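Survey of secondary and tertiary structure
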Amino acid sequence: MTTVGLLILLAISVIPEAAFAQDSKEMATPGRVVILNATDPYLPAFRTLESALRESIIASSRRPIELYAETLDMHRFPHKLLDTHVAQLLQRKYQDLKVEVVVAIAPIALTFAQQHRDLIWPGATIVFTVLSTQLLDQRQLQPNVIGVPHQLDFGQTLDLALRLRPETQTVAVVGDAPRPCCEFLELAQEALAPLEREGRVSTRYLVGLSIAETLAAVEVLPPDTILLYLAIFRDLDGQPKVPRDVLEQISALSSAPVFGVFGSYLGHGIVAGSIATFGSQGRLVGQVVARLLDGEDPATIGVQPPVTPHCMADWQQLRRWDINPALLPADCEVRFREPSVWDHYRQQILLAVAVILAQAGWILALMFKQRRLRRTQTALAAECRHRHTAETLAAQLRARLSRISKERSLGTMAAAIVHEVDQPLTAIQNYAQAAKRRLETDLDSRPKLLELLGKISGQAERAGSITQRVRSLVISEEPQLQAVTLCPLVEAVIRMIEPEVEGRGCSIHCDLTGEAPTVLADPLQVQLVLVNLLQNATQSIANADAADKRVLVSVRHAGKAEVELSVTDHGPGVPPAQAADIFEHLHSEKRGGMGLGLSIARTIVEAHGGRIWHEHNPSGGAVFRFRLRAAAR
């Protein structure tokens, strides 16, 4: 029993050590991976994919890695002629190496790996990539063949192109002649078919032409065309080409914008496309290879979903073709955007502007305060000088005013009396001459003579009243206000100056319709105003030989509190340069005039609490208006 127990303990201790040794041995064995490229390994697209693939395998796997790269280069050279020779070469090369994973890049590489795996890399798992999802559905995959298909989204690319160029009528497809290596043309045709059936576009195929013929064709494309570039690996003479280099030539000469589905074309001529980048593809394939190297079953991994394409655009090409970037989808990735000075130095610019504005604000504030202080000092000094001067002048003027006040009052009264008494004296003279003519021609006209003598007596009384009223104006006595009906007062004035008006060949018309206005006024003083205005109007018409010798007198209510009386003539009017001075004392435009009439009229109207003014008559002449307070009804 003791011996058996010891044997059991020994077995238990030895088994874990053996298992640990086995795991250490596996971890020490490097994982060998062959990257089998179907085409030129220096093509930009495959350099991007292979670089991302290598980095992803190394970063994701827990084991040391040995990477081997082989190229079939069968896009540029006929693969059927080289297939057997390449297989024999690789069989000799790898006969002593245990390869665990073969990464087949592109359809030709996958076909080659499936045909020759048992001979060259027996037991290896094949991981394919750069094989479209459409072409994958047509293939029969062997056991231990998995991978990440490549989704070439020509449909979304065409939709994007039509979104950016809605005026498009034709899609020109440029690429190689159909070959087993490249199914791009077939995929493009499938995407174009629905658009053609709907009548949205027509298709023009520039396929299988020489490089020179292709360049000549794209140079004369109409402006309503877009160009869909697939790939050109060989010229018609068999010379190998780099598809991206051909794209640069086409883009430089094309009269239409170019679109494509490969990320390596961005920055070399295409405007935009729905693109799954080769870098993303390489990283995802590298993760699958790392899982295989770490011991995961290929059947468990299986065929992975493809990298989802998304919108990518070239900022430079958008500007070249005057395409508004706002038309791009919201999630579109825009590359090669030229950052502006604002983008580079936004914070510095904002800080500098803030400092400048702050300094400018302080400077302006100081300048404003200084200027205000200087103006205040100047104003105070000027005010002191003005006050001293004003006080001196006031003292002198008070002394002079006391001396001349009586002289001025006396002279003004005398001039006013002469001016105003001249009117009734003229009327007395006219009535006396009329009475004389009656006595000389008709001795039996007693009633008419009595009437004329009565008018002479009335004018004499008026002259006396005028003398008293003018005296009251000069010594600033208040007018004797009473309720006066304007219409009879106006008619009396017209009758009073009727002989004088007729002698000038004029007539006075009254617009006195409606309710007779009543004002608070001194009747005689208002008559003086009317006589002045009517005499001025008739004299203006007579002196100018006006065609229309009528003077219109109008009376109307100006609101509830005032009554307006106007005198309108059709004479030459008041010159604009003198209109502001016609109511001034001693200002006269009439030959021999004293310049007192309108001045006295203004004095009278203003003493009644009214106002008087002049207006230009639109039909020629002048309009003088004055307003008086209306009497309470």
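Residues numbered from 1 in each chain as written. Predicted model: local features only at pLDDT ≥ 70, side-chain atom pairs only at ≥ 80, totals over all residues. Heavy atoms only, no water.

It is worth spelling out the overall build of the protein at this point. Helix and strand counts for the protein stand at 19 helices and 19 strands. Residues counted as buried form 43% of the 633 residues belonging to the protein. Contacts spanning at least 24 positions in sequence make up 72% of the contacts within the protein whose residues lie at least 6 apart. Surface accessibility of the protein: about 34300 Å² in total, with carbon and sulfur atoms responsible for 56%. (Helix = DSSP H or I, 4+ residues; strand = E, 2+ residues; numbered from the N terminus. Buried < 20%, exposed > 50% of the residue type's maximum accessible area, 1.4 Å probe, protein only. Contact = heavy atoms within 4.5 Å. Areas by Shrake-Rupley, 256 points an atom, 1.4 Å probe, with all protein chains shown as cover.)

Overall, parallel pairing links the five strands, which are arranged 2-1-3-4-5 in an open sheet. Looking along the sheet, the strands with just one partner apiece sit at the ends: strand 2 (65–71) and strand 5 (145–150). Averaged over all pairs of adjacent strands, the angle between strand axes in this sheet comes to 15 degrees, irrespective of strand direction. The sheet contacts of helix 2 (residues 44–60) involve strand 1 (31–37), strand 2, strand 3 (101–105) and strand 4 (125–132), and relative to strand 2 the element is tilted by about 160 degrees. (Pairing = 2+ DSSP bridges. Axes fitted to C-alpha atoms, helices over the stretch in contact; angles between N-to-C directions.)

In this structure, Phe154, Leu164, Tyr229 and Val289 are the most contacted members of the largest nonpolar core, which totals 77 residues. Per-element tally for this core: the top contributor is helix 7 (residues 184–197), with seven residues. Setting aside residues up to four positions removed in sequence, Tyr229 forms contacts with Val174, Pro243, Val246, Leu247, Ile250, Val258, Phe259, Gly260 and Tyr265. By size, the runner-up hydrophobic cluster in this structure holds 42 residues, among which are Val490, Ile497, Val501 and Val555. (Core = buried A, V, L, I, M, F, W, Y, C linked by side-chain atoms within 4.5 Å.)

The next thing to look at is the packing of aromatic side chains. Counted under the stated rule, the structure contains eight aromatic pairs. Centre to centre, the rings of Phe46 and Phe278 are 6.1 Å apart; their planes meet at 50 degrees, and the pair counts as tilted. Linking Phe46 in helix 2 with Phe278 in helix 10 (residues 278–293), this pair joins segments that are 232 residues apart in sequence. Phe278 matches Phe46 in its accessibility class, with the two residues each being buried. Between Phe262 and Tyr265 the ring centres are 5.4 Å apart and the planes differ by 85 degrees, which places this aromatic pair in the edge-to-face class. Accessibility assignment for this pair places Phe262 and Tyr265 in one class, buried. The rings of Phe46, Phe184, Tyr229, Phe262, Tyr265 and Phe278 are connected pair by pair, giving a single aromatic cluster. (Phe/Tyr/Trp six-rings, centres within 6.5 Å; stacked < 30°, edge-to-face > 60°.)

Right, let's talk about the side chain of Asp176 for a bit. Relative to the assigned elements, Asp176 resides in the loop between strand 6 (170–175) and helix 7. Residue Asp176 is classed as buried on the basis of its relative accessible area, which comes to 13%. From its side chain, Asp176 meets the backbone nitrogen of Phe233 in a polar contact 2.6 Å long. (Polar contact = N/O pair within 3.5 Å; in protein donor to acceptor, adjacent residues only side chain to side chain.)

Take the pairing of strand 15 (residues 518–521) next. With burial as the criterion, only one face of strand 15 is covered, namely that bearing Val519 and Ala521; the residues Thr518 and Leu520 on the opposite face remain uncovered. The pairing of strand 13 (residues 482–485) with strand 15 spans four bridges and is classified as antiparallel. From the neighbouring strand, Thr485 faces strand 15, where its bridge partner is Thr518.

Ordered in space as 10-11-12, the three strands form an open sheet in which the pairing is mixed. Because the sheet does not close on itself, it has two edges, and the strands there are strand 10 (272–275) and strand 12 (333–335). If you compare each strand with its neighbour and ignore which way they point, the axes differ by 25 degrees on average. Pairing between strand 10 and strand 11 (residues 310–314): four bridges, direction antiparallel. In the strand pairing of strand 11, Gly273 is matched with Met312. Against the sheet, helix 6 (residues 154–164) makes contact with strand 10 and strand 11, and its axis sits at roughly 155 degrees relative to strand 10, the strand it touches most.

Further remarks concern helix 2. Taking 1.5 Å of rise per residue, the 17 residues of helix 2 would be expected to cover 24 Å, and the 24 Å separating its terminal C-alpha atoms lies within 8% of that figure. Among the residues making up helix 2, those that are buried are Pro44, Ala45, Phe46, Leu49, Glu50, Ala52, Leu53, Ser56 and Ile57. (Expected span 1.5 Å × (residues − 1).)

This part covers the state of the cysteines. By the definition in use, this model includes one disulfide. What pairs with Cys311 in a disulfide is Cys332, and their sulfur atoms sit 2.1 Å apart. Taking the torsion about the S-S bond as the criterion, the Cys311 to Cys332 disulfide, at about -60 degrees, is left-handed. Taken together, the residues Cys311 in strand 11 and Cys332 in the loop between helix 12 (315–320) and strand 12 connect sequence positions 21 residues apart. Just as Cys311 is buried, Cys332 falls in that class too. Free cysteine Cys510: the closest other cysteine sulfur is in Cys487, separated by 8.4 Å. Residue class for Cys510 comes out partly exposed when judged on its relative accessible area of 34%. (Disulfide = S-S within 2.5 Å.)

Read these as geometric descriptors, not functional statements.
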